[in-house]
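Structural description and commentary
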Amino acid sequence: MSFQEYLKYLTRLFVQYVETPKEERRRQKHPREAWSTRWFGAIPMSIKLFWRK
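For every chain, the first residue of the written sequence is number 1, and numbering continues from 1 onward in sequence order. Note on the predicted model: pLDDT of at least 70 is required for a residue's local features to be given, and 80 or more for side-chain atom pairs to be given and counted; whole-chain, interface and lining totals, by contrast, use all residues. Based on all heavy atoms of the structure, the side-chain values leave hydrogens and waters out of the count.

What to know about the overall build of the protein
Going by this rule: A run of DSSP states H or I qualifies as a helix once it reaches four residues; a run of E qualifies as a strand once it reaches two. Both are numbered from the N-terminal end. As a reference, a globule follows 2.2 Å times the number of residues to the power 0.38, and the radius of gyration itself is taken over C-alpha atoms. Partly exposed describes any residue whose relative accessible area lies between the buried limit of under 20% and the exposed limit of over 50%, with all areas from a 1.4 Å probe on protein chains only and scaled to the type maximum. For every accessible area listed, the method is Shrake-Rupley and the probe measures 1.4 Å; residues are considered covered only by the protein chains on display.
When you go through the protein residue by residue, the secondary structure sums to 4 helices and 0 strands. What you see in the protein, going N to C, is helices and strands ordered as α-α-α-α. Since a compact globule built from 53 residues should have a radius of gyration of about 10 Å, the 19 Å found for the protein marks it as more spread out than a globular shape. Here the C-alpha coordinates of the protein stretch approximately 55 × 30 × 10 Å along the principal axes. Burial status across the protein gives 6% buried among its 53 residues. Of the roughly 5,900 Å² of accessible surface on the protein, 62% is carried by carbon and sulfur atoms.

In structure tokens form, the structure reads like this:
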């Protein structure tokens, strides 16, 4: 990818971001996952499920 293509791509993303309404952008945000899942994967979740039973 050349620099010009990359610049066009970034410009397109920026324009798309600016044109979307603020409320819609807020609705599109996804909640963050727990830090234990983020750092260690599914192992902490499986241990929690095991201890609940």
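Some details on the packing of aromatic side chains
The criterion, for reference: Pairs were defined over the aromatic rings of Phe, Tyr and Trp, the Trp ring being its six-membered one, requiring ring centres within 6.5 Å. Orientation was assigned from the angle between planes: stacked under 30 degrees, edge-to-face over 60, tilted for the rest.
Throughout the structure, instances matching the rule amount to 1 aromatic pair. Pairing Phe50 with Trp51 gives two aromatic rings, centres 6.0 Å apart and planes at 75°, and the pair type is edge-to-face. Both residues of the pair, Phe50 and Trp51, count as exposed.

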